[in-house]
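# Fold and contact review
Here are the chains, one letter per residue:
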Amino acid sequence: MTWKIATLLSAVLSLGSFTAAESIPKTDYDVIVVGGGPAGLSALSGVSRVRRTALLFDNQEYRNAPTRAMHDVIGNDGTPPATFRGLAREQISRYPTAHFKNSTVLSIVPYGNSSVSAFNVTDDTGKSYTSRKLVLGTGVSDVLPDIPGVDEAWGKGLFWCPWCDGYEHRDQPFGILGNIADVLGSVLETNTLYSDIIAFVNGTDTPAGEVAATGQHDGWKEQLEAWNVKIDNRTITRIERTQDGETHQNKTTDQQFDKFLIHFTEGEPVERGAFIINAPTVQHSTLPAQMGLNITNEKIDVVTSSMRTSMAGVWGVGDANSDASTNVPHAMFSGKKAAVYLHVEMSKEDSQSKVSKRSGLSQRELMKEAIRAIGSNLEPQWEQVEKREV
Ligand SMILES: Cc1cc2nc3c(=O)[nH]c(=O)nc-3n(C[C@H](O)[C@H](O)[C@H](O)COP(=O)(O)OP(=O)(O)OC[C@H]3O[C@@H](n4cnc5c(N)ncnc54)[C@H](O)[C@@H]3O)c2cc1C
Ligand SMILES: *[C@@H]1O[C@H](CO)[C@@H](O)[C@H](O)[C@H]1NC(C)=O
Ligand SMILES: *[C@@H]1O[C@H](CO)[C@@H](O)[C@H](O)[C@H]1NC(C)=O
Ligand SMILES: *[C@@H]1O[C@H](CO)[C@@H](O)[C@H](O)[C@H]1NC(C)=O
Ligand SMILES: *[C@@H]1O[C@H](CO)[C@@H](O)[C@H](O)[C@H]1NC(C)=O
Ligand SMILES: *[C@@H]1O[C@H](CO)[C@@H](O)[C@H](O)[C@H]1NC(C)=O
Ligand SMILES: *[C@@H]1O[C@H](CO)[C@@H](O)[C@H](O)[C@H]1NC(C)=O
Ligand SMILES: *[C@@H]1O[C@H](CO)[C@@H](O)[C@H](O)[C@H]1NC(C)=O
């Protein structure tokens, strides 16, 4: 057989629609998930059930760690968060492609190119792991006001979310902590749970505070009056727990009887059974900023139809993302959504890569076949072609 025919066939074949598709970078895992809360666990579950190899990092700093029980997560109403996560881990661990590591991720270096993503993840044990896709479920942190007693009360009678622990304190004397501008917003979320409501506004009942309140809600004052909400403008010094709902509960009726005294610079303290507070949140981890992801108002920008971030190959899930929802059902939903999208994205890449390998192979096979079938019979024709070309 002659190299000339091979060259000719090869030239002809390469004229087709053969495209040099990307080869897939060789990585330790398909996916690395940072975060072992409900968002990260849900993403891990989703990728594990389609047998994507995945490693989840968890440094065990969970936003709802202080709370006694998780609520409004159907089928798990009243389950302690650690029990819930433990059950999730145990179930996901049954998938052989799922892996866990309890450590802190210190850096994530993207090393892919414009066509394929790849990430190099280094943790505080000094080890590095690579993956094709990355999920950040790193959560947020609550920035609590600097009032003595607030940290201790957090998640145990003092809450930001009525759905979290409001019902367990229903009909108890209730307090709203915060600026006067935020009071009506809290009342609108809690008026079905409480009727004895005092807003402790810590000196913000001022002309400027009224302007800010009007900016939030027109007619706020009349509405507060209509709900019979009292305003206490005194300067708060501390919150003191006088009874622990952990030991004073009625499990039959799902009631927790916490008691607090709120103290002021002057006058008598006031007793309340529960408080709501509006506390800002910030990114829990510096990783999203380190990686240069787009972040707006302390939330990782994502396209909510897929939970993709501004960086190719990176998904942002749970409280940390910009989906404007911070609860366990959202964490699970967004983790699941990311899992579906990144699996299919990888499959598309795999598919492209397979096609290109296959066309490479059939080209070779076709060549062999041609060589065997044609032998030297084509040699004279080849000579003619050559002559014509010359
Ligand atoms: C007091 C309180 C009570 C709440 N109660 C409820 C409730 O009853 N019902 C409800 O639906 N929601 C509740 N929430 C909200 C709920 O906690 C969050 O919506 C939920 O935890 C979000 O899940 P996530 O996975 O996004 O983040 P998180 O649960 O906060 O998990 C973040 C994960 O990221 C990990 N992580 C971060 N950075 C790194 C790193 N560099 N390396 C390794 N790991 C890292 C952390 O260790 C953690 O595993 C409550 C919140 C608070 C504050
Ligand atoms: C991107 O990286 C892949 C895998 O390493 C490689 O096959 C491909 O040629 C690269 N593409 C570009 C555009 O550099
Ligand atoms: C990792 O953390 C989880 C959750 O706290 C715990 O259940 C598990 O035992 C830990 N694993 C190791 C190896 O320490
Ligand atoms: C990942 O980072 C580590 C630590 O910097 C380095 O040793 C390793 O070579 C990197 N791996 C890749 C694939 O870039
Ligand atoms: C309450 O008001 C006092 C006096 O103005 C101030 O020092 C303190 O920081 C305020 N506390 C909060 C939580 O805003
Ligand atoms: C509320 O407290 C602030 C700060 O002490 C004070 O300036 C303001 O006049 C008070 N408002 C009312 C209605 O008393
Ligand atoms: C719990 O509430 C039920 C119903 O009101 C009541 O019968 C029971 O005595 C209460 N239990 C305790 C321990 O208070
Ligand atoms: C990220 O931010 C840059 C600069 O503001 C902007 O051009 C880009 O569109 C943003 N990308 C996404 C996905 O939000």
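Up top is the structure these notes are about.
What this report covers is the structure whose coordinates are included nearby. Since the model is a prediction, treat every value here as computed from it, not as a measurement.

A full pass over the atoms with the stated rule returns 1 disulfide. Disulfide pairing is shown between Cys161 and Cys164; the S-S distance is 2.3 Å. The chirality of the disulfide connecting Cys161 with Cys164 is right-handed, given an S-S dihedral of about 95 degrees. The exposure class of Cys161 is buried, given its relative accessible area of 9%.

Once that is clear, we can look at the environment of His71. Tracing the sequence through the fold places His71 in the loop between strand 2 (54-57) and helix 3 (81-93). Residues His71 and Val328, 257 residues apart in the sequence, show an inter-C-alpha distance of 9.0 Å. When near neighbours in sequence (up to four residues on either side) are disregarded, His71 contacts Asp77, Gly78, Trp163, Cys164, Asp165 and Glu168. Among the polar contacts listed, one links the side chain of His71 to the backbone oxygen of Cys164, at a separation of 2.7 Å. A distance of 3.3 Å separates polar atoms of two side chains, one belonging to His71 and the other to Glu168.

With parallel pairing, 5 strands are arranged side by side in an open sheet as 8-17-9-10-11. Lying at the two open borders of the sheet, with one neighbouring strand each, are strand 8 (158-159) and strand 11 (230-232). Here strand 8 runs beside strand 17 (residues 274-277); their pairing, made up of 2 bridges, is parallel. Residue pairing for strand 17: Leu158 is matched across the bridge by Phe275. Together, strand 9 (174-177), strand 10 (197-200) and strand 17 form the strand contacts of helix 6 (residues 183-190), whose direction differs from that of strand 9 by roughly 145 degrees.

As a further point, take the packing of aromatic side chains. Enumeration over the complete set of coordinates arrives at 6 aromatic pairs. A connected cluster of aromatic rings, assembled from ring pairs, spans Phe200, Phe260, Phe264 and Phe275. Across from the ring centre of Tyr62, 3.4 Å away, lies the NZ or CZ of Arg85, which sits over that ring.

Burial within strand 6 (residues 128-136) is extensive, with 8 of its 9 residues counted as buried. One ladder, built from 5 bridges, connects strand 1 (residues 29-34) with strand 6; its direction is parallel. By the bridge assignment, Val31 is partnered in strand 6 with Lys133. Across 4 bridges, the pairing between strand 5 (residues 119-123) and strand 6 is antiparallel. The partner of Phe119 across the bridge, within strand 6, is Ser131. Sheet analysis places strand 6 next to strand 21 (residues 314-316), joined by 3 bridges and oriented parallel.

What counts and how
- Residues numbered from 1 in each chain as written.
- Chains lettered and ligands numbered in written order.
- Predicted model: local features only at pLDDT ≥ 70, side-chain atom pairs only at ≥ 80, totals over all residues.
- Heavy atoms only, no water.
- Disulfide = S-S within 2.5 Å.
- Buried < 20%, exposed > 50% of the residue type's maximum accessible area, 1.4 Å probe, protein only.
- Helix = DSSP H or I, 4+ residues; strand = E, 2+ residues; numbered from the N terminus.
- Contact = heavy atoms within 4.5 Å.
- Polar contact = N/O pair within 3.5 Å; in protein donor to acceptor, adjacent residues only side chain to side chain.
- Pairing = 2+ DSSP bridges.
- Axes fitted to C-alpha atoms, helices over the stretch in contact; angles between N-to-C directions.
- Phe/Tyr/Trp six-rings, centres within 6.5 Å; stacked < 30°, edge-to-face > 60°.
- Lys NZ or Arg CZ within 6 Å of the ring centre and 35° of its normal.

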